[in-house]
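Structural description and commentary
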Amino acid sequence: MSLPRAWDAFDAYLFDIDGTLINCSDAVHYFAFCDALTSIANRPMNLDGVVTHGNTDVGILRDAFTHAAIPEDLWRPQLVRIQEQMCSQVEQNRDQLCAAVLPRVREVLLHLQRKGAILSVATGNLERIGRQKLTAAGLLDFFHLGAWSDKFEYRADVFRHAIQQVRCRLPRDPSILVIGDTTADVLAARANHLPVIAVATGTYTFEQLATSQPSLCLHSFAELL
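This text gives an overview of the structure that appears in the document. Every value quoted in this text rests on a predicted model; they were computed, and no experiment measured them. (Residues numbered from 1 in each chain as written. Predicted model: local features only at pLDDT ≥ 70, side-chain atom pairs only at ≥ 80, totals over all residues. Heavy atoms only, no water.)

A word on the packing of aromatic side chains. Evaluation of the coordinates by the stated rule reveals five aromatic pairs. Pairing F15 with F143 gives two aromatic rings, centres 6.0 Å apart and planes at 70°, and the pair type is edge-to-face. Residue F15 is found in strand β1 (residues 12-15), and its partner F143 is found in the loop between α6 (127-137) and β5 (145-147); the two are separated by 128 residues along the sequence. Each member of the pair F15 and F143 is classed as buried. Among the aromatic residues, those joined into a cluster by ring pairs are F10, Y13, F15 and F143. (Phe/Tyr/Trp six-rings, centres within 6.5 Å; stacked < 30°, edge-to-face > 60°. Helix = DSSP H or I, 4+ residues; strand = E, 2+ residues; numbered from the N terminus. Buried < 20%, exposed > 50% of the residue type's maximum accessible area, 1.4 Å probe, protein only.)

Rendered as structure tokens:
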């Protein structure tokens, strides 16, 4: 597969956060999950056995409760409260966030910014959590738009919302490129008929990403500039 135009010639870009833009070496987000899950289950819970990479925060909660055999009618009505608890906990512990910007990310964002492109995040993070991570990394100000998982359980729906945001900003059938680090990003982009760059800076290897057939597969952003 290949991109329909030069990688830096699109009108808008949808970036994943974790593993694509930054790597968080702390456990702030993880413990927010564990504590929220525990508060509903009334017993200690963690994310063992749950696929987190490429998932959304809401999807991770769903899969964790399902894995633990917690009935949906117990946790689903409390989802807004669970999200509030997680966001508040991350905000209270923002000083513990260790968000390292991945290689050449800042240069790529600056390059696209200078070309006048619309930059958006399209992420599985809840908004308040994702914003804290980007702030800790010093990247938040690069982005004009954001599509988050607060109201979306599946990544394809997050991307669909991001596309709608871009089209409101650029109503003339804009060209949009997705950039992510998981096979889930590739599948969600394909579900929305968008080209996608897969970058092997997260947990997936270059070979694993290549099998999902992205439009372009990279070892890192260093291959772009």
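The next subject is the pattern of salt bridges. Counted under the stated rule, the structure contains 12 salt bridges. With its nearest N and O atoms 2.5 Å apart, the salt bridge here joins R160 to D157. With a gap of three residues between them, R160 and D157 both fall in helix α7 (residues 155-169), about one helical turn apart. The exposure class assigned to R160 is partly exposed, which follows from its relative accessible area of 35%. One salt-bridge network, in which partners are shared between bridges, spans R62, D63, E72, R76 and E153. (Salt bridge = Lys/Arg side-chain N within 4 Å of Asp/Glu carboxyl O.)

Once that is clear, we can look at the environment of A188. When you line up the elements, A188 lands in helix α8 (residues 183-191). When the C-alpha atoms of A188 and T203 are compared, they prove to be 18 Å apart, with 15 residues separating the residues in sequence. The residues contacting A188, other than those within four sequence positions of it, are R155, A156 and F159. (Contact = heavy atoms within 4.5 Å.)

Those residues of α8 lying buried are D185, V186, A188 and A189. As for α8, its buried residues are in contact with α7, β6 (176-180) and β7 (196-199). H193 sits one or two positions beyond α8 and adopts a positive phi of about 60°.

Here the focus is the sheet that holds β5. Across the sheet, which stays open at both edges, the six strands sit in the order β5-β4-β1-β6-β7-β8 with parallel pairing between neighbours. At either margin of the open sheet sits one strand with a lone partner, and together these are β5 and β8 (216-218). In this sheet, adjacent strand axes meet at a mean angle of 20° when their direction is disregarded. In terms of strand pairing, β1 meets strand β4 (residues 118-122) through four bridges, oriented parallel. (Pairing = 2+ DSSP bridges. Axes fitted to C-alpha atoms, helices over the stretch in contact; angles between N-to-C directions.)

With respect to the element layout, N55 can be found in the loop between α1 (28-41) and α2 (57-67). Residue N55 is classed as buried on the basis of its relative accessible area of 15%. Separated by 3.0 Å, the side chain of N55 and the backbone oxygen of V51 make a polar contact. Those residues within four positions of N55 in sequence are excluded, and the remaining contacts are I60, R62, D63, G124 and R155. (Polar contact = N/O pair within 3.5 Å; in protein donor to acceptor, adjacent residues only side chain to side chain.)

Moving on: helix α5 (residues 105-114). The set of residues buried in α5 consists of V105, V108, L109 and L112. Summarising the axial view, the buried residues of α5 lie within an arc of 95°, below the 170-degree limit, and thus occupy one face. Those residues of α5 that are buried are in contact with β1, β3 (99-101) and β4. (Arc of directions from axis to C-beta.)

Note that all results are geometric; they support no functional claim without further evidence.
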